[in-house]
Amino acid sequence: MGKLQRDIFDCELLVVTGKGGVGKTTVSAALGLAAAQRGRDVLLAEVAGQSRIPYLIGHASSTAAGEEQRLTPEIAATTIDPEVALVEWAGRLIRPRALLDIAVKANSFSGFINAAPGGRELLTIAKAYELGRDERWDDQADGYELVILDAPASGHALAMLKTPSTFAEIARVGPIASQAREVETMLGDPARCSIVLVTTLEETPVNETLELEAGIAAQLGRGVDLIVANGLADDGLTDSQVDALPQAMPDLAGEVVSAVATLHARERLQREQLQRLVAGAVAPVIELPAITGHSIGSDEIEQLAAAIGADLPPAA
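Please read these numbers as outputs of a predicted model, since none were measured by experiment.

A. Fine view of the packing of helix H6 (residues 119-130) against helix H7 (residues 154-171). At their nearest, the axes of H6 and H7 sit 8 Å apart, and the two run at 100° to each other. Viewed along their axes, H6 and H7 adopt a mutual orientation that is roughly perpendicular. Counting all contacts with H6, which are made through Gly119, Glu121, Leu122, Thr124 and Ile125, the residues of H7 involved are Met160, Leu161, Thr163, Pro164 and Phe167. Tallied by class, residues from the contact of H6 with H7 come to 6 nonpolar, 3 polar and 1 charged.

B. Local environment of the pattern of salt bridges. The final tally for this structure, using the stated rule, is 15 salt bridges. Where Asp7 meets Arg38, a salt bridge forms, and the shortest distance between an N and an O atom there is 3.4 Å. Highlighted residues: Asp7 in the segment before strand E1 (13-18) and Arg38 in the loop between helix H1 (24-37) and strand E2 (42-46), separated in sequence by 31 residues. Residue Asp7 shares its accessibility class with Arg38, and that shared class is buried. In this structure, Lys24 and Asp150 form a salt bridge, with 2.8 Å as the shortest nitrogen-oxygen distance. In this pair, Lys24 sits in helix H1 while Asp150 sits in strand E5 (residues 146-150), placing the two residues 126 residues apart along the sequence. Using a relative accessible area of 13% as the deciding quantity, one classes Lys24 as buried. Overall, Asp150 belongs to the buried group, its relative accessible area being 4%.

C. Region of the structure containing the nonpolar core. Of all hydrophobic cores here, the largest spans 45 residues; its most connected members are Leu13, Ile125, Leu149, Leu187, Ile216, Ile227 and Leu277. When neighbours within four sequence positions are excluded, Leu13 is seen to be in contact with Ile125, Ala128, Leu146, Val147, Leu149, Met186, Leu187, Arg192, Cys193 and Ser194. Within the second largest apolar cluster, 36 residues are counted, among which are Ala29, Ala34, Ile53 and Leu304.

D. Inspection of the sheet that holds strand E4 (residues 75-79) at higher detail. In space, the 8 strands of this open sheet follow the order E3-E4-E2-E5-E1-E6-E7-E8, with mixed pairing throughout. Each edge of the open sheet is held by one strand with a lone partner, namely strand E3 (68-70) and strand E8 (285-289). Adjacent strand axes in the sheet meet at a mean angle of 25°, parallel and antiparallel pairs treated alike. Inspection of the sheet shows E2 paired to E5 by 4 bridges, in the parallel sense. Looking at E5, one finds that Leu43 is bridged to Val147.

The rules behind these values
Residues numbered from 1 in each chain as written. Predicted model: local features only at pLDDT ≥ 70, side-chain atom pairs only at ≥ 80, totals over all residues. Heavy atoms only, no water. Axes fitted to C-alpha atoms, helices over the stretch in contact; angles between N-to-C directions. Helix = DSSP H or I, 4+ residues; strand = E, 2+ residues; numbered from the N terminus. Parallel < 35°, antiparallel > 145°, perpendicular 65-115°, else oblique. Contact = heavy atoms within 4.5 Å. Nonpolar A, V, L, I, M, F, W, Y, C, P; charged D, E, K, R; others polar. Salt bridge = Lys/Arg side-chain N within 4 Å of Asp/Glu carboxyl O. Buried < 20%, exposed > 50% of the residue type's maximum accessible area, 1.4 Å probe, protein only. Core = buried A, V, L, I, M, F, W, Y, C linked by side-chain atoms within 4.5 Å. Pairing = 2+ DSSP bridges.

Everything listed is a geometric property; what it means functionally is a separate question.
What follows is the structure, given as structure tokens:
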């Protein structure tokens, strides 16, 4: 724990993943804001039809699939749709344009995606890669300095990260193999791609995080850059203070004492899991505080971004 030695935003693509329900999208939004505050031009990319990040950043409208929407001068958002991505990619290869239009009307691209195992995963990660390139599939579009991918949950993310090498081996030659090898090279290079895992401090998520870290190292031949321990409670009380509450404050209702004791016990369990996570992980671990409000919006994202920024080295 403590400050990081390396700026995880100094790359082309930052992949965020973790067990479902641990706050991965919230952390992705906070990472995006922290990167923007350090001068990066950021695109936050969601998958599987999700469009939660615009609201978290404080924007009223969601983002349509394939659309790149500016949320602030420094932050844009998109939702990656594999079929839209395939049409864009094919548009660079298929000439004349009339043939592409015929293929779209015949649903040929949908058929390819559904028939090819791993096709959706390959197109998702290839599109995330493309969003940060100077030369885009769409000649009229500009690339972003940093793309943050709110990737699928653990197992699905691991499969997605593996598809470029799988397709490169299967295709061997041709445009698919060439594109897959480009993405594979980028994912394996820590200078170009950062990988962040998000977990809550409970036994099962911590177990899955340690397994995922090992799986990524085995699969990509490189380590994870950061693990974010999300939602850490802090009541500011010691065990002895909680134990002494009934005697020290006899007028305090029993329900209140019980509630304080329950919350403190949860915090103690979280601290135990944090120790286990730090002891078992190779990557550095930072903590993010629990959000006490009923909903998370732009104010809470700013709070989390500030906590992330405090653990980063000074901006270059």
